[in-house]
Amino acid sequence: MDKPIDAGLKERAAKVIPNGMYGHESTRILPDGYPQFFEKGEGAYIWDADGNRYLDFMCAYGPNLLGYRDGRVDAAAARQAALGDTLTGPAPVMVELAETLVSMVDHADWAMFCKNGTDATSMALMAARAQTGRRTILVAEGAYHGAAAWCTPLPSGTVAEDRAWQQRYRYNDIESLEAAVAAAGDDLAAIFASPFKHDVFVDQELPDPAYARRARELCDEKGAMLVIDEVRAGFRTTRDCSWSLVGVKPDLSCWGKSLGNGQPLSALLGADSCRQGAGSIYVTGSFWFAAVPMAAALETMRIIRETDYLEHMVALGDRLRAGLDAAAGEHGFRLRQSGPVQMPLIMFADDPDVRFGYAWGQEMLARGVYVHPWHNMFLCAAMTVADIDFALAAASEAFAAIAARRAEIQPSPALLAMAAAQAGQH
Ligand SMILES: Cc1ncc(COP(=O)(O)O)c(C=O)c1O
């Protein structure tokens, strides 16, 4: 039998790409057998380089909100592409998109565009420091805000000074937030918060409204900026900033991933409270003003406003969560399903080294469903009830398969090594 194409690509990649792959899309931190390379996506499905099809619960780690190759978004992108993309200056669509986002996101009075989520969070950091003339930022323990030196989760290649002027607090823990604010003294520039706690390995938590309100109050008392990092969850919890659900308006919000339904675009949105600071920093990039992603984002925003994409994902997520609990129970497993149903983290109870999560992921993959054992997942609006039922049928078989070999299942050495490296950082 011929060698699988993915295996061949991995071998070739190992020679010309350090470690064969880097960052969150490296399959070295996933169960054996997860394909590294994909040849196409359509709607809710992806096909690996060997042509195997998967119902995709990772949605490109977030960008796929409406479905891969959504015809409406692709047509808008193609119309703009026929005119031009990266030009000597931005296209008119930039202004239209900024106006659109300002009209949709209640706290926002202005928008700045960039490429990746890390650009947006780094720009928030600079804008907050510029606005306040202060240095210290507060970041929740375990929260991911990107891969720049100030926030990347692994220390290699960074120096302690990259992380200077940062205090940690525990998400949803008012006392620890107050203690971190006190430690910042009169130097507090910003409090960063995720829309909800969506850290890897640990159960997700919705924001306690009292914690969110206290974060706002503390920023107001200290003259600091409140920053919500919507990069992962943007437009997946509501059509506004996520903390509108708890009645709190930030000064800044960072967006990316789903903004252009897969087209490379991110944004920093801000209130007038941070306009002067944002206007004073020098931030730019050769591709930040590309018009095609902006046209795609404009159409994505129209679909967000005019369709029930969100309610549809929530209904499917409810069906998935209930079905998985029932199927797990039938085979003697208990799951820890947390977070919004449309962005679920699915882990096994009593599985501290994630060995059952890994084994279940492999069995799901073998049945054409791509799940992640320790990172939150994403539903997309292209999924249907039939897709969820397909996933549930696969899940039931997968639970049965791992129940049958329960005693032999071992933890993954690669995962244990990664967990140790991350733990060494704190
Ligand atoms: C909450 C959050 N912030 C920031 C980022 C960084 O975004 P990007 O990978 O586009 O730089 C991510 C990426 O996963 C994220 O989930």
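Residues numbered from 1 in each chain as written. Predicted model: local features only at pLDDT ≥ 70, side-chain atom pairs only at ≥ 80, totals over all residues. Heavy atoms only, no water.

### Observations regarding the domain arrangement of the chain
To keep things clear, this is the line we draw: Domain limits in this description derive from either an automatic procedure or a database domain assignment. The criterion used for residue contact is that any of the two residues' heavy atoms lie within 4.5 Å. Two parts placed together each lose some accessible area under a 1.4 Å probe, and the buried area is that loss summed for both. Any carboxyl oxygen of Asp or Glu within 4 Å of a side-chain nitrogen of Lys or Arg constitutes a salt bridge here. We call two N or O atoms a polar contact when they sit within 3.5 Å, provided that within protein one can donate a hydrogen and the other can accept it, with sequence-adjacent residues counted only if both atoms are side-chain atoms. Comment: elements are numbered from the N terminus, with helices defined as DSSP H or I runs of at least four residues and strands as E runs of at least two. Basically, the charged four are Asp, Glu, Lys and Arg, the nonpolar ten are Ala, Val, Leu, Ile, Met, Phe, Trp, Tyr, Cys and Pro, and anything else, Gly included, counts as polar.
As assigned here, the chain comprises domain 1 (5-61 + 308-425) and domain 2 (71-306). Counting residues at the interface gives 28 residues for domain 1, matched by 24 residues for domain 2. Roughly 2,100 Å² of surface becomes buried between domain 1 and domain 2 when both sides are summed, with 56% attributable to carbon and sulfur atoms. Summed over the shared surface of domain 1 and domain 2, the result is 2 salt bridges. Residue Glu 311 is joined to Arg 239 by a salt bridge in which the shortest nitrogen-to-oxygen separation is 2.9 Å. In this structure, the connection of domain 1 to domain 2 is made through 10 residue pairs in polar contact (both at pLDDT 80 or more). At the level of elements, α9 (309-330), β11 (335-338), β12 (345-348) and α12 (413-425) are the ones that each hand at least two residues to the side of domain 1 that touches domain 2. Along the lines of polarity and charge, the residues of the side of domain 1 that touches domain 2 split into 18 nonpolar, 7 polar and 3 charged.

### Remarks on the packing of aromatic side chains
Aromatic rings considered in pairs are described by the distance between their centres and by the relative angle of their planes. Quick reminder of the rule: Paired rings are identified among Phe, Tyr and Trp, the last through its six-membered ring, by centres lying within 6.5 Å, and are further divided according to the angle between planes into stacked (under 30 degrees), edge-to-face (over 60) and tilted (the rest). Remark: exposure states derive from per-residue accessible area (1.4 Å probe, protein chains only) relative to the maximum for the residue type, with buried under 20%, exposed over 50%, and partly exposed in between.
Scanning all chains against the criterion turns up 16 aromatic pairs. Here the aromatic rings of Phe 38 and Tyr 370 are separated by 6.0 Å at their centres, their planes lie at 70°, and the arrangement is edge-to-face. Taken together, the residues span a long stretch of sequence, with Phe 38 in strand β1 (residues 38-42) and Tyr 370 in strand β13 (residues 369-370) at a distance of 332 residues. You can call Tyr 370 buried: its relative accessible area is 6%. Grouping aromatic residues by their ring pairs yields a cluster made of Phe 333, Phe 348, Phe 356, Trp 360 and Phe 399.

### What to know about the sheet that holds β13
Our working rule: For two strands to be treated as a pair, DSSP must find at least two bridges joining them.
With respect to topology, 4 strands assemble into an open sheet ordered β1-β2-β3-β13, the strand pairing being mixed. Taken across any chain shown, the strands that pair with only one partner, and hence form the sheet edges, are β1 and β13. Bridge analysis of strand β3 (residues 53-56) against β13 gives 2 bridges, and the strand direction is parallel. Within β13, the position partnered with Asp 56 by the bridge is Tyr 370.

### A look at helix α3 (residues 93-104)
Basically, it comes down to this: By definition here, a helix of n residues has an expected span of 1.5 Å times n minus one. Note that the arc is defined by the directions from the helix axis to the C-beta atoms.
With 12 residues, α3 should cover 16 Å at 1.5 Å per step; its first-to-last C-alpha distance of 16 Å lies within 8% of that length. Where α3 is concerned, the buried positions are Val 93, Leu 97, Ala 98, Thr 100, Leu 101 and Met 104. Along α3, the residues classed as buried sweep out an arc of 160° about the axis, all on the same side. Facing away from the buried side of α3, by more than 90 degrees, are the exposed residues Val 95, Glu 99 and Ser 103.

### What to know about the sheet that holds strand β4 (residues 110-114)
Selection criterion: Note on definitions: angles span 0 to 180 degrees between N-to-C directions of axes, and those axes are lines fitted to C-alpha atoms, for helices only across the stretch in contact.
The strand order β4-β10-β9-β8-β7-β5-β6 describes an open sheet built from 7 strands, whose pairing is mixed. At either margin of the open sheet sits one strand with a lone partner, and together these are β4 and β6 (166-169). The sheet shows a mean angle of 20° between the axes of neighbouring strands, direction not considered. Note that β4 and strand β10 (residues 266-270) share 5 bridges and pair antiparallel. The residue bridging Ala 111 from the neighbouring strand is Leu 269, located in β10.

### Quick notes on the nonpolar core
Applied cut-off: What makes a nonpolar core is a set of buried Ala, Val, Leu, Ile, Met, Phe, Trp, Tyr and Cys residues whose side-chain atoms join them at distances within 4.5 Å.
Judged by nonpolar contacts, the single largest core of 105 residues is most densely connected at Phe 57, Ile 191, Phe 235, Trp 243, Trp 360 and Phe 399. Counting residues per element, this core draws most heavily on helix α8 (residues 291-306), at 10 residues. Of the residues that make up this core, three or more belong to each of domain 1 (5-61 + 308-425) and domain 2 (71-306). For Phe 57, the contacting residues outside a window of four places in its chain are Leu 320, Val 369, Tyr 370, Val 371, Met 377, Phe 378, Leu 379, Met 383, Ile 388 and Ala 391. Ala 189, Val 227, Ala 278 and Val 283 belong to the second-largest nonpolar core, a separate cluster that totals 27 residues.

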